Amino acid sequence: MGILDNVISVTLHPSISVRLAAAWCLHCIAVALPSYLTPLLDRCLERLAVLKSSPEAVTGFSFAVAALLGAVKHCPLGIPHGKGKIIMALAEDLLCSAAQNSRLSAQRTQAGWLLIAALMTLGNLSAILKELAADLTAPDIQVAASTFLLPPLCHQDDLLILSPLLQETDHRFIEEQLLLGSGIACGSLEYDPYSIYEKDVEGDSVPKPLPPTLSVTSSAVKLFGVVCAHVGEAQRLLVLEQLLDSIKHTKGARQQVVQLHVVSAVSSFLKTWALHSLSLIIDSAGPLYHTHAEPTLSLIIMLLLNVPPTHAEVHQSLGRCLNALITTLGPELQDANIREVGLEGALLTLLDKETDRKLCHDIKETLNHMLTSMAVDKLSFWLKLCKDVLAASADFAAVTCVDTMQEEEGDRGDDASVLTSRSDGRPHPFTNPRWATRVFAAECVCRIITQCENAHSAHFDVALAQDLKKKDSRSDFLVLHLADLIRMAFMAATDHSDQLRLSGLETLLVVIRRFATIPEPEFPGHVILEQYQANVGAALRPAFTSETPPDVTAKACQVCSAWIASGVVSDLNDIRRVHQLLVASLTKIQVGKEALSHLYNESASTMEILAVLKAWAEDLGIELLNVLHRVILTRESPSIQLASLEVVRQIICAAQEHVKEKRRSAEVDDGAAEKETLPEFGEGKDTGGLVPGKSLVFATLELCVCILVRQLPGLNPKLTGSPGVKATKPQMLSEDGSRLVSAALVILSELPAVCSPEGIISILPTILYLTIGVLRETAVKLPGGQLSSTVAASLQALKGILASPMARAEKSHSAWTDLLRSALTTILDCWDPDGTHQELDEVSLLTAITVFILSTSPEVTTIPCLQKRCIEKFKATLEVKDPMVQIKTYQLLLSIFQYPNPAVSYPYIYSLVSSIVEKLQEIDRRKPEETTELQIFQEGIKVLEALVAVAEEQHRSQLVACLLPILISFLLDENALGSATSIMRNLHDFALQNLMQIGPQYSSVFKSVMASSPALKARLEAAIKGNQETVKVKTPTSKHTNNSGKSSSIQLKTNFL
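Residues numbered from 1 in each chain as written. Predicted model: local features only at pLDDT ≥ 70, side-chain atom pairs only at ≥ 80, totals over all residues. Heavy atoms only, no water.

**Side note on the overall build of the chain**
Inclusion rule: Helix and strand definitions here come from DSSP, where helices need a minimum of 4 consecutive H or I residues and strands a minimum of 2 consecutive E residues; each element is numbered from the N-terminal end. For the exposure calls, accessible area comes from a 1.4 Å probe over protein chains only, and a residue counts as buried if that area is under 20% of its type's maximum, exposed if over 50%, partly exposed in between. Throughout, a contact is declared for two residues whenever any of their heavy atoms are within 4.5 Å. Here, Shrake-Rupley sampling with a 1.4 Å probe gives the accessible areas, and only protein chains in the shown set may cover a residue.
The secondary structure content of the chain amounts to 47 helices and two strands. Out of the 1057 residues in the chain, the part that is buried amounts to 47%. Long-range pairs, those at least 24 residues apart, make up 72% of the contacts in the chain with a sequence separation of at least 6. For the chain, the accessible area works out to roughly 52,600 Å², and carbon and sulfur atoms hold 56% of it.

**Re the pattern of salt bridges**
Worth spelling out the cut-off: Salt bridges, as used here, are contacts in which a Lys or Arg side-chain nitrogen is within 4 Å of a carboxyl oxygen on Asp or Glu.
For the structure on display, the rule yields 22 salt bridges. Between K384 and D388 there is a salt bridge whose closest N-O contact spans 2.9 Å. You can see K384 and its partner D388 sitting in helix α19 (residues 379–391), four residues apart, about one turn around the helix. Residue D388 is classed as buried on the basis of its relative accessible area, which comes to 11%. Note that E636 and R710 form a salt bridge whose closest N and O atoms lie 2.7 Å from each other. Here the residue E636 occupies a position in the loop between α29 (621–634) and α30 (638–667), and R710 occupies one in helix α31 (residues 696–711), the gap between them amounting to 74 residues. A relative accessible area of 35% places R710 in the partly exposed class. Three or more residues are tied together by salt bridges with common partners; here these are K387, D484 and R487.

**A short note on the packing of helix α23 (residues 498–515) against helix α25 (residues 550–565)**
Inclusion rule: Inter-axis angles, ranging from 0 to 180 degrees, are taken between N-to-C directions of lines fitted to C-alpha atoms, where helices are fitted over the stretch in contact. If an angle is under 35 degrees, it is roughly parallel; if it is over 145, roughly antiparallel; if it lies from 65 to 115, roughly perpendicular; otherwise it is oblique. Left-handed describes a crossing in which the near helix is turned anticlockwise from the far one by less than a right angle; the clockwise case is right-handed. Following the grouping adopted for this structure description, the nonpolar residues are Ala, Val, Leu, Ile, Met, Phe, Trp, Tyr, Cys and Pro, the charged ones are Asp, Glu, Lys and Arg, and the polar ones are all others, Gly among them.
One way to put it is that α23 packs onto α25 with a least axis distance of 9 Å and a crossing angle of 10°. Judged by the inter-axis angle, α23 sits roughly parallel to α25. Every pair of crossing elements has a handedness; the one defined by α23 and α25 is left-handed. Between α23 and α25, the contacting residues are D498, R501, L502, L505, E506, L508, L509, I512 and R513 on the first element and D551, V552, K555, A556, Q558, V559, A562 and W563 on the second. For the contact of α23 with α25, the per-class residue count stands at ten nonpolar, one polar and six charged.

**Overview of the nonpolar core**
A general feature of soluble globular proteins is that nonpolar side chains tend to end up buried together. Where we set the bar: By nonpolar core we mean a set of buried residues, namely Ala, Val, Leu, Ile, Met, Phe, Trp, Tyr and Cys, connected to one another through side-chain atoms within 4.5 Å.
Grouped together as the largest cluster of nonpolar side chains are 132 residues, with contacts concentrated most on I849, F874 and F937. The contact partners of F874, leaving out residues within four places of it in the chain, are L846, I849, T850, I853, T889, L892, L893, I896, Y908 and L912. I363, A489, I512 and A539 belong to the second-largest nonpolar core, a separate cluster that totals 81 residues.

**A short note on the environment of E929**
One can find E929 in the loop between α41 (902–926) and α42 (931–950). Judged by its relative accessible area of 48%, E929 falls in the partly exposed class. Taking C-alpha positions, E929 is 6.2 Å from I983, a pair spaced 54 residues apart along the chain. Here E929 is in contact with T981 and I983, once residues within four sequence places are set aside.

**What to know about empty space enclosed by the protein**
Rule in force here: Only protein atoms enter the 1 Å grid used here. Points where a 1.4 Å probe fits but cannot escape make up a cavity, open sets with protein on both sides within 12 Å along at least five of seven lines make up a pocket, and a residue lines them when an atom lies within 4 Å of a point. Grid points are joined across faces, edges and corners, and a volume is the space filled by probe spheres set on the points.
Under the criterion given, the structure shown has two cavities of 30 Å³ or more. Roughly 50 Å³ of internal volume is contained in the second largest cavity. P34, P76, L77, D498, Q499, L502, P549, D551 and Y600 are the residues that line the second largest cavity. Counting residues per element, the lining of the second largest cavity draws most heavily on α23, at three residues.

**Structural notes on the environment of S794**
Mapped onto the secondary structure, S794 falls in helix α35 (residues 789–802). S794 gets classed as buried once you look at its relative accessible area, which sits at 1%. For the pair S794 and S742, spaced 52 residues apart in sequence, the C-alpha separation works out to 7.3 Å. Those residues in contact with S794 that sit more than four places away from it in its chain are L745, T771, V774 and L775.

**Topic: the packing of helix α37 (residues 842–855) against helix α40 (residues 883–897)**
It is the contact of α37 with α40, at a shortest axis distance of 10 Å, that shows an interaxial angle of 0°. Overall, the two elements α37 and α40 adopt an arrangement that is roughly parallel. Contacts from E842, V843, L846, T847, T850, I853 and L854 in α37 reach V885, K888, T889, L892, S895 and I896 in α40. The residue inventory of the contact of α37 with α40, partitioned by class, reads seven nonpolar, four polar and two charged.

**Focus: helix α14 (residues 293–306)**
The periodicity of an α-helix, 3.6 residues per turn, causes residues three or four places apart in sequence to face the same way. For clarity, the cut-off: By definition here, a helix of n residues has an expected span of 1.5 Å times n minus one. Arc definition: it is the arc formed by the directions from the helix axis to the C-beta atoms.
Helix length check: α14, at 14 residues, gives a terminal C-alpha distance of 20 Å against a target of 20 Å (1.5 Å per residue), a fit within 8%. All buried positions along α14 are accounted for by A293, T296, I300 and L303. Buried residues of α14, viewed axially, fall in a sector of 100°; they line one side. Within α14, the exposed residues directed more than 90 degrees away from the buried face are E294, L305 and N306.

**Here's the deal with the side chain of H988**
Our working definition: Counting of polar contacts relies on pairs of N or O atoms within 3.5 Å, with two restrictions inside protein: one atom must be capable of donating a hydrogen and the other of accepting it, and residues adjacent in sequence are counted only when both atoms are side-chain atoms.
Turning to its location among the elements, H988 is positioned in helix α45 (residues 982–1001). H988 sits in the buried class, given a relative accessible area of 0%. A polar contact of 2.9 Å, which involves the side chain of H988, links it to the backbone nitrogen of L972. Once residues lying within four places of it in the same chain are set aside, the contact partners of H988 are F970, L971, L972, L977, A1023 and N1027.

**Observations regarding the confidence of the model for the chain**
Should pLDDT be low for a region, the predicted coordinates there are not to be read in detail. Where we set the bar: The predictor's confidence in any single residue is recorded as pLDDT, a number from 0 to 100.
A residue-level look at the chain finds 80% of positions with pLDDT of 70 or above and a mean pLDDT of 80. pLDDT under 50 marks residues 394–425. Its contacts with residues more than four places away, or in other chains, come to 50 contacts. Taken together, the stretch residues 670–677 has pLDDT below 50 and engages in four contacts with residues farther than four places along the chain or on a different chain.

**Description of a nonpolar patch on the surface**
Note the cut-off: For patch detection, residues must exceed 30% relative accessible area and be free of salt bridges, and they are connected within 9 Å for like charges or within 5 Å for nonpolar side chains (Val, Leu, Ile, Met, Phe, Trp, Tyr).
Residues L125, I128 and L223 make up a contiguous nonpolar surface patch of roughly 220 Å² in combined accessible area. As for its placement among the helices and strands, L125 is situated in helix α7 (residues 125–136). Overall, L125 belongs to the partly exposed group, its relative accessible area being 35%.

**Quick look at the side chain of Q533**
Mapped onto the elements, Q533 comes out in helix α24 (residues 533–540). Residue classification places Q533 among the buried positions, given a relative accessible area of 10%. Sequence-distant contacts of Q533, that is, excluding residues within four places in its chain, are made with W563, V568, V569 and D574.

**Comments concerning the packing of aromatic side chains**
To be explicit about the condition: Any Phe, Tyr or Trp ring, taking Trp's six-membered ring, that has another such ring centre within 6.5 Å forms a pair; planes under 30 degrees apart are called stacked, those over 60 apart edge-to-face, and the others tilted.
Using the criterion set out here, one finds five aromatic pairs in the structure. Relative to F515, the ring of F460 lies with its centre 5.3 Å away and its plane at 50°, an arrangement referred to as tilted. Of this pair, F460 sits in the loop between α20 (435–453) and α21 (462–471) while F515 is found in helix α23, placing the two residues 55 residues apart along the sequence. The exposure class assigned to F515 is buried, which follows from its relative accessible area of 0%. Centre to centre, the rings of Y906 and Y910 are 5.7 Å apart; their planes meet at 65°, and the pair counts as edge-to-face. One end of the pair, Y906, and the other, Y910, are both in helix α41, four residues apart, so they sit about a helical turn from each other.

In structure tokens, the structure reads:
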């Protein structure tokens, strides 16, 4: 921070050159250390706002803010979105206040526009491209574009095609002036007086600047070409579609104008791509292009001289063409240069000193080409080169590994002591290389590993490499340099540069994945990476501190995940250390989210959270689940067990997100549409196998079984002596027991989403057995037809399982169907065979059947043998004397009757409607006296009304004819109403209200029934009359009443009679 204070103080220096140098220095610091970007920006903005009365401060701090904004595009985490609004507000304030003080006018004006211009670097190129496309196809465009847009696209000899006036003749200027006077678009000096000295013209031609509107269009066309070359392919296609749509939706002369604008804009873009295509042709043709080399070289030189340097993309394309041409003309010279001794080192040194980005890019390309060609053959040389660059920083003069055998007497877990810094006094070829050079060196290490993967197998076989080395000492293999690979990864991962830390962690990840399974020949049963466990821990630890940027922590979580999944770590203490790091990551995302939002773009914290959850889910469910399993076995506290289950649920949810992301990535893959089959994601892959000890799902099942069997021993076939589900007397669990069982069921229902289609088939029988088993063991009959909390949880879990999208997966659909049919059969078997000693709650079992009917595909429940049994259960339950059972049965039937697929609903309707009508008629005959009987009647009527709504037209009149007499039978006349019980009065009101709704809906049927039955008509009329008299009696006549003529009672309409 001392350096920063000094640099910031220099921004007030009297010399403007010094102020600009200080601003650029801050830019470089922000690029190298992105975590300093937002604090520096805040500090400079604050000083600019406070010191805006000082000319030096206004210019100096505006330079600094602009330079920092320019660094944002080099920092992957960006800055908070709100900073742009703050800077824009400050810029506007500077511009508005510029005229208030003549001494500061120039400085404030310059500062304001500088800040606005710098903000433009944060702009969205895709949005700009869309705006340009809109401008070029705007509805107010009237002027033809051929006279000023198309000529630059044509050869001089072809101008006659566009217009005779475009040819250079002696009288052309006079003709143009005549056209100008007639209002036709063309250029003229008065549109831009500056052109008399600014613009160079050929020969004796007169400059012809365009009118402002056409000049804007011309600039928009040119800008379109530049921006279009810098956006992604998807955005480019969207904009081209936008242009095509604009052409289609315009008519007449205006369509021609729009077409010309679009052609000009696209042609402007294609200039660059034409050069790119030329470079590809040269590269592909090779020596065959030799005959075209001279004219191509002339074209390149001409464009290099004529194209303004502002068109960077054109110059880059010219460079590619020139590079391809040189490659074609002189391969022998190129090979000779590559083989020079020490060229690699010289290029790395040049890369470290060079500041020109294009040249740096070319140097990297050359080094990458050399690495691909020669790194395997010159392995030691390349690895030493990378190590020298990484070790030559200020942080590490040299890094050595401490022999882990020396730690046996001390705390072997002290990761910090494993790698130490030590200067050996020898000169190094690189002196404090820049962080970008060291990042490139770390990337080269990863490329070297990749190159060795495609070479001799001995690169990853210790025994074979040692044998070959004995036979030929010149032989060199990567596995013999493992210590150096770990050392280089550690140096990079623990550096102060965030970019280098990311590269170091990536190198460590590559090393882990590639060397994790290589055995140690001297110690059978062990792998070579075991000796570096402490080193890996030491490299990871700094990434989990609170001040570490989220992208570094995210990458470290990925390494942790790979490290534990690799199987290298076997000691429980070593596992615990890595667990502690991941626990720290959870803490970091919980308490550090607010702090992150002040430093980086808002998406940065989301990225870190997803990475942490992914690391927890991807490979740690297993070991962590085993730990939680032990906790549940050894700790009797329900609160601890519930907390453990909540952690398990979060792990499964994170695993689900991970699998979903993999599937999404595969679906949007460019080649996905061309592939016949996509790879299977989720546990079980394409075989369905789940390996104990390595399977997250298997470990979760073990844990859930432990919870469920401890609460419900009857679920254990070994204890019951039978593998089948037998009807036994259900039990009511304690509140804690119910919560534990419910939590376990939630987890079970989430497991299918973590598996592949084949993997689900492996676990589905177990999940269904446990879920239905809980239903069977706890389906206690409760007052009021209530469901026990465990039954409710079981039904909810069952619904989630049955509705899983995986049930529709083509590969596993048939197996799903068979298993679900078996599960439904199991539920049906829970009923007592003769029904005389029904222990289990009928409502719970009927609800389970209804869940199957509504949540599975029709082919599961419409198979005749199962459908017949289900219908029989509903029919039998309607005969149960318990009124609450009848009420619940009607409610369940209502949902089935309303099911949209007739193949499912109609068999139930045909089989049960007569029973329902009979039950309702019975209620009328025995004149109900209980509230429950009123509820039964109401629910039954709802079912019949639903039937009327879903029935086919030819059956609807019959149903209405059945429904009307039942409703009318409960109506009371004026005399009966006065002496009726509250139950009968409620029945009367309910029946009358429903008749008022049904009458207008089905008036023809209604009139027909009334005409055929005078007794029914008379009873209805008497009831209506009696109800109206009752309303009159109840209507207040006080002068204070404001609602005379209105009533809160039922409003009767009898016109349908």
